[in-house]
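A structural walkthrough
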Amino acid sequence: MAVLSVDVNDEAVSIGARSTAAGAVCPDCGRRSSQIHSSYLRFPADVPSAGRRVVLCLRVRRFFCPDASCGRRTFVEQMPGLTRRHSRWTERLRSTLAAVGLALAGRAGARMARVFGVSVSRSTVLRLLGTLPEPEVPSPRVVGVDEFATRKGRVYGTVLVDCETRRPVDLLPDREASSLAAWLAKRPGIEVICRDRAPFFAEGATAGAPQATQVADRWHLWHNLGEAAERTVARHRQCLRVLVPEPAGDEGDEPMPLEGTSGSPWKSDRFANRVRVRHATVHALLEAGHSRRSIGRQLHMTHRTVKSLADAAKPEDLFRGQWQYNRPSALDEYKPYLDGRWSEGCTNAWKLWEEIIPLGYQGSYGIVSAYIRKKRTSPRPVTAQPPAPRVVTRWILSRPESLSEIEQLRLNAVLANCPELDALTGHVRSFAQMLTERQGERLPEWLDAVRKDDLPSLHTLAAGIDRDREAVIAGLTQPWSSGVVEGHVNRIKMLKRQMFGRAGFALLRKRVLLA
């Protein structure tokens, strides 16, 4: 190709060029021709330079096809590596936009393209991704299999990764055992299959590659053991109360203050003293010979107030209704039950009212609600709480040397108080030793030891491991794992979110395999 001219201005760089080849090859029949039919100009855009658009002004020629039997009478020459038929971009710009789309997807890719001077839509970027050829990946020897969600909880696919090169080799649109079996059957050179303990992957691997060794992932085994351990600790949560100190006896024996001595102004000593003063004043005026009407005018009281004070023999007779101290209530008999349920964590007044009705309570819901409302507003004594089952499970799953001295002492106290948790700790640490030291041959012995103890959650785990014993032993013995596959699953999540709902399976597969 010969450059004829270069024109530079503030916005663009225009380069005039033409081909210097003596002829061109027909794209249909493959015969070379040097007989020129005509020529015309093409203006493909190239990658911008120094912030300016770059436009090529190419003089291209049209040739006659020398083969009379060819269906194409004429054809246009293409410059290899520079142009293609009907394209308004050079091959370099096309590959640049495709690389941007692989990294950033459509919308973000279009924004980035505008930054370096190419105006393109997000749909065009995605269309460029769709036209990219798929890579030719050799058949792997060690393959990792895992699932990924295209619509979480509803639609799942399968990703397959070459564990030796750490590159994805294919994506399947579902996670059915038949799809995996068909994919594996086409690649007889597979020797090792790394997978989790999902039954559909186990069935597909067995049917599609019976010659391959299946390896259960160690992280999933440890995760399953942790879940079983947490369920066991939760079943023995009462044993964790050994870590809660006993409350001091003197503090618990202090009597509660009487209602009316503090708090609400309607139930205070100030109110009682005021009633006593008014009662004494009214009776003193009566003894002095004043009438009740005269007393009301002097003390600015209503006739009813003067009558109630005059009729009461002593001030305490006036403390009735909501102001009466120690007034008996229909709820008194059921307060111990309500206090017990409150300490258990039940604070719903309606539920508590429904619970005491079968016990014989005949009062209204309002009385129960008022009593619970007082308990909510009253300050609660601060009491120590036993550790959560998840915290104790973390102590059991951790290396003993990684625990602090206090955590180690608290764990020892729990294990001394609960033989079941002590046995659980022994099984967990024995499994951890098998896992870290790759002693898979000890697995049958470990399963037999687990079945001898009263640990239902571990029994369930042991039954599942026993059904997949060969793969688990291989996972505890061989160096292969599904770690690289889990990394690609996280990468698929990122790629899927980048495409803002436009990640159809074909487009997502293209980005996973090429990016």
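Anything mentioned here points back to the structure above.
All of the points below concern the structure found in this document.

Conventions we followed
- Along each chain, numbering runs from 1 in the same order as the chain's sequence is written.
- Only residues with pLDDT of at least 70 get local features here, since the model is predicted, and only at 80 or more are side-chain atom pairs given and counted; chain-wide, interface and lining totals rely on the full set of residues.
- For side-chain calculations, the full set of non-hydrogen atoms in the structure is used, while hydrogens and water are omitted.
- Each helix corresponds to a stretch of at least 4 residues labelled H or I by DSSP, and each strand to a stretch of at least 2 residues labelled E; elements are numbered beginning at the N terminus.
- In this setup the radius of gyration rests on C-alpha atoms only. A globule is expected at 2.2 Å times the number of residues raised to 0.38.
- For each residue, the accessible area found with a 1.4 Å probe, counting protein chains only, is set against the maximum for its type, and the residue is called buried under 20%, exposed over 50%, and partly exposed in between.
- We call two residues in contact whenever any of their non-hydrogen atoms come within 4.5 Å of each other.
- Every accessible area reported is derived by Shrake-Rupley at a probe size of 1.4 Å, with residue values counting cover from the shown protein chains alone.
- Only residues above 30% relative accessible area that lack a salt bridge enter a patch, with like-charged residues linked at up to 9 Å and the nonpolar side chains Val, Leu, Ile, Met, Phe, Trp and Tyr linked at up to 5 Å.
- For this analysis, a salt bridge means a side-chain nitrogen from Lys or Arg found within 4 Å of a carboxyl oxygen belonging to Asp or Glu.
- Geometry of aromatic contacts follows a simple scheme: Phe, Tyr and Trp rings, the Trp one being its six-membered ring, pair when their centres are within 6.5 Å, and the pair is stacked under 30 degrees between planes, edge-to-face over 60, tilted otherwise.
- Whether two strands pair depends on DSSP finding at least two bridges between them.
- Note on definitions: angles span 0 to 180 degrees between N-to-C directions of axes, and those axes are lines fitted to C-alpha atoms, for helices only across the stretch in contact.
- Nine residue types can take part in a nonpolar core, namely buried Ala, Val, Leu, Ile, Met, Phe, Trp, Tyr and Cys, and a core is a set of them joined through side-chain atoms within 4.5 Å.
- In summary, the charge assignment counts Lys and Arg as positive and Asp and Glu as negative, without counting His or the chain termini.
- To locate a charge, the coordinates of NZ of Lys, CZ of Arg, CG of Asp or CD of Glu are taken.

Comments concerning the overall build of the chain
- Within the chain one finds 20 helices and 13 strands.
- Its C-alpha radius of gyration of 43 Å places the chain more than 25% over the 24 Å reference for a compact globule of 515 residues.
- Along the three orthogonal principal directions, the C-alpha set of the chain runs to about 145 × 75 × 45 Å.
- Split into buried and exposed, the 515 residues of the chain put 39% on the buried side.
- For the chain, restricting intrachain contacts to residue pairs at least 6 apart in sequence, the fraction spanning at least 24 positions comes to 57%.
- Carbon together with sulfur atoms contributes 52% to the accessible area of the chain, which is approximately 29,800 Å² in total.

Structural notes on unusual backbone geometry
- For Ala50, which is not a glycine, the phi torsion comes out positive at approximately 55°.
- Note that Ala50 resides in the loop between strand S6 (45-49) and strand S7 (52-64).
- Not every positive phi belongs to a glycine, and His86 is a case in point at roughly 65°.
- By the element assignment, His86 lies in the loop between strand S8 (74-76) and helix H1 (91-115).
- Under the relative-accessibility criterion, His86 is labelled exposed at 69%.

A word on a nonpolar patch on the surface
- On the surface, a cluster of nonpolar side chains totalling about 270 Å² of accessible area is made up of Val3, Val6 and Val8.
- Turning to its location among the elements, Val3 is positioned in strand S1 (residues 2-8).

Some words on the packing of aromatic side chains
- Taken as a whole, this structure holds 7 aromatic pairs when the rule is applied.
- By way of ring pairs, the aromatic residues Trp350, Trp353 and Tyr365 are connected into one cluster.

A word on the sheet that holds strand S12 (residues 192-195)
- The sheet built from 5 strands is open, its strands ordered S11-S10-S9-S12-S13 with mixed pairing. Both outer strands of the open sheet, strand S11 (167-172) and strand S13 (213-216), are each paired with one neighbouring strand and no more. Each neighbouring strand pair of the sheet contributes to a mean axis angle of 30°, computed without reference to strand direction.
- As judged from the 3 bridges shared by strand S9 (residues 142-151) and S12, these two strands associate in the parallel manner. Bridge pairing in S12 places Val142 opposite Val192.
- Helix H4 (residues 199-208) rests against S9, strand S10 (155-162), S12 and S13 of the sheet, and its axis sits at about 140° to S9.

Notes on the environment of Val161
- On the secondary structure map, Val161 appears in strand S10.
- Judged by relative accessible area, which is 0%, Val161 ranks as buried.
- Through-space distance from the C-alpha of Val161 to that of Asp28 is 39 Å; in sequence the pair is 133 residues apart.
- When neighbours within four sequence positions are excluded, Val161 is seen to be in contact with Val142, Val143, Gly144, Arg166, Arg167, Pro168, Val169, Val484, Val485 and His488.

Here's the deal with the nonpolar core
- Of all hydrophobic cores here, the largest spans 35 residues; its most connected members are Leu421, Leu424, Phe431, Leu443, Trp446 and Leu458.
- Taken together, the elements giving at least two residues each to this core come down to helix H5 (218-235), helix H13 (389-397), helix H14 (405-417), helix H15 (419-437), helix H16 (443-451), helix H17 (456-467) and helix H18 (469-475).
- At 6 residues, H15 tops the list of elements feeding residues into this core.
- Other than its neighbours up to four places away in sequence, Leu421 contacts Thr232, Val233, His236, Leu240, Val414 and Leu415.

A closer look at the pairing of S7
- Sheet topology places strand S2 (residues 12-18) next to S7; 7 bridges connect them, and they run parallel. By the bridge assignment for S7, Gly16 is matched with Cys57.
- Pairing between strand S5 (residues 36-42) and S7: 6 bridges, direction antiparallel. Paired with Arg42 across the bridge in S7 is Leu58.
- Sheet topology note: the S6/S7 ladder contains 3 bridges and is antiparallel. Its bridge partner lying in S7, Ser49 is registered against Arg52.
- Taken together, S6 and the strand that follows it, S7, pair antiparallel across an intervening segment of 2 residues, in which Ala50 is found at a positive phi of about 55°.
- Alignment of S7 against S8, held across 3 bridges, turns out to be antiparallel.

Focus on a positive patch on the surface
- Taken together, the side chains of Arg107, Arg111, Arg114 and Arg122 present a region of like positive charge at the surface.
- Take the positive patch: its biggest share by element is 3 residues, from H1.
- As for its placement among the helices and strands, Arg122 is situated in helix H2 (residues 122-131).
- Residue class for Arg122 comes out partly exposed when judged on its relative accessible area of 36%.

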